Amino acid sequence: MIDSLKARVRAKLLRQLAEDGPSDTEQDDPRLISVETDLDALDSVADDDPLVEELATRYLVF
């Protein structure tokens, strides 16, 4: 089974969130918010949407 680019980007974003640990509820971490926002955006587009390639470039997914 070949993973799609969208699946690889999604896995990278989830890994990024897991590696950064739980967010501090007292402070908003802009980087975590950005990753969460990008994950939500990725989940709302089709596999062939240009956003998938944009996120792959941003998060260095090959």
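Residues numbered from 1 in each chain as written. Predicted model: local features only at pLDDT ≥ 70, side-chain atom pairs only at ≥ 80, totals over all residues. Heavy atoms only, no water.

A. Local environment of the environment of Ser-4. When you line up the elements, Ser-4 lands in the segment before helix 1 (5-20). When its relative accessible area of 29% is taken as the criterion, Ser-4 is described as partly exposed. Residues Ser-4 and Asp-47 lie 43 residues apart in sequence; the distance between their C-alpha atoms is 7.6 Å. In this structure the side chain of Ser-4 is engaged in a polar contact, spanning 3.1 Å, whose partner is the backbone nitrogen of Ala-7. (Helix = DSSP H or I, 4+ residues; strand = E, 2+ residues; numbered from the N terminus. Buried < 20%, exposed > 50% of the residue type's maximum accessible area, 1.4 Å probe, protein only. Polar contact = N/O pair within 3.5 Å; in protein donor to acceptor, adjacent residues only side chain to side chain.)

B. Inspection of the nonpolar core at higher detail. Formed by 13 residues in total, the largest nonpolar core has its most connected members in Val-9, Leu-13, Leu-42 and Tyr-59. When contributions to this core are tallied by element, the ones reaching two or more residues are helix 1, helix 2 (30-43) and helix 3 (50-58). Sort the elements by how many residues they give to this core and helix 2 lands first, with four residues. The residues touching Leu-42, leaving out its near neighbours within four places in the chain, are Lys-6, Val-9, Arg-10, Leu-13, Leu-51, Val-52 and Leu-55. (Core = buried A, V, L, I, M, F, W, Y, C linked by side-chain atoms within 4.5 Å. Contact = heavy atoms within 4.5 Å.)

C. The arrangement of the packing of helix 1 against helix 3 in detail. Helix 3 packs onto helix 1 with a crossing angle of 45° between their chain directions and a minimal axis gap of 10 Å. By the criterion of interaxial angle, the relationship of helix 1 to helix 3 is oblique. Between helix 1 and helix 3 lies a crossing whose hand is left-handed. On helix 3, the residues that touch Leu-5, Lys-6 and Val-9 of helix 1 are Val-52, Glu-53, Leu-55 and Ala-56. (Axes fitted to C-alpha atoms, helices over the stretch in contact; angles between N-to-C directions. Parallel < 35°, antiparallel > 145°, perpendicular 65-115°, else oblique. Left-handed = near helix turned anticlockwise from the far one by under 90°.)

D. Broad picture of the pattern of salt bridges. Enumeration according to the criterion identifies four salt bridges in this entry. A salt bridge links Asp-43 to Arg-10, with the shortest nitrogen-to-oxygen separation between them at 2.9 Å. Taken as a pair, Asp-43 in helix 2 and Arg-10 in helix 1 lie far apart in primary sequence, 33 residues in all. Since its relative accessible area comes to 34%, Arg-10 is described here as partly exposed. A single salt-bridge network, built from bridges that share partners, covers Asp-38, Glu-54 and Arg-58. (Salt bridge = Lys/Arg side-chain N within 4 Å of Asp/Glu carboxyl O.)

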